[in-house]
Amino acid sequence: MKFTPTHIVVLLVLVLLVFGSSKLPDIARSVGQSMKVFKKEVKELRDDDSKDPQAQIQQPQEGTYYTEPTQSGQTAQSAEGSSQK
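Numbers given for residues are sequential positions, taken from 1 along each chain in its written order. Thresholds applied to this predicted model are a pLDDT of at least 70 for local features of residues and 80 or more for the giving and counting of side-chain atom pairs; totals over whole chains, interfaces and linings are not thresholded and use all residues. Side-chain metrics in this entry use all non-hydrogen atoms of the structure; hydrogen atoms and water are not considered.

### Observations regarding the overall build of the chain
Then comes step 1: Along its length, the chain carries three helices and zero strands.
Then comes step 2: A run of DSSP states H or I qualifies as a helix once it reaches four residues; a run of E qualifies as a strand once it reaches two. Both are numbered from the N-terminal end. What you see in the chain, going N to C, is helices and strands ordered as α-α-α.
Then comes step 3: For the chain, the residues scored as buried account for 1% of the 85 residues in total.
Then comes step 4: Counting every atom, the chain has about 8,600 Å² of accessible surface; 58% of that belongs to carbon and sulfur. Burial status follows relative accessibility: with a 1.4 Å probe on protein chains alone, a residue under 20% of its type maximum counts as buried, one over 50% as exposed, and anything between as partly exposed. Here, Shrake-Rupley sampling with a 1.4 Å probe gives the accessible areas, and only protein chains in the shown set may cover a residue.

### So, a negative patch on the surface
Then comes step 1: A cluster of acidic residues, E41, E44, D47, D48 and D49, forms a negative patch on the protein surface.
Then comes step 2: Looking at D47, the relative accessible area reads 34%, which means it is partly exposed. The patch calculation keeps residues exceeding 30% relative accessible area without a salt bridge and links them within 9 Å when they carry like charges or within 5 Å when they are nonpolar (Val, Leu, Ile, Met, Phe, Trp, Tyr). Any Lys or Arg side-chain nitrogen found within 4 Å of a carboxyl oxygen on Asp or Glu counts as a salt bridge. In this tally, Asp and Glu contribute negative charge and Lys and Arg positive charge; neither His nor the terminal groups of the chain are included. Where a charge sits is defined by one atom per residue type, namely NZ (Lys), CZ (Arg), CG (Asp) or CD (Glu).

Structure below.
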């Protein structure tokens, strides 16, 4: 479906009727601020990607053990830590 100028005029009239003329500047301001923040975040993400394209997730160092929580909410001890008791 192709939008014609009459579609845009009808849409603007409907928006004016729904929100009223006093609310339109506030809505436009908040949409503009949201777009500004969105563009800034996208730019930062692109800059981060271009600076370090081969970034990898760091793996745990050798000798580091992951402990999983138990059912009671306490952390389980590693095999090495429990054998030292």
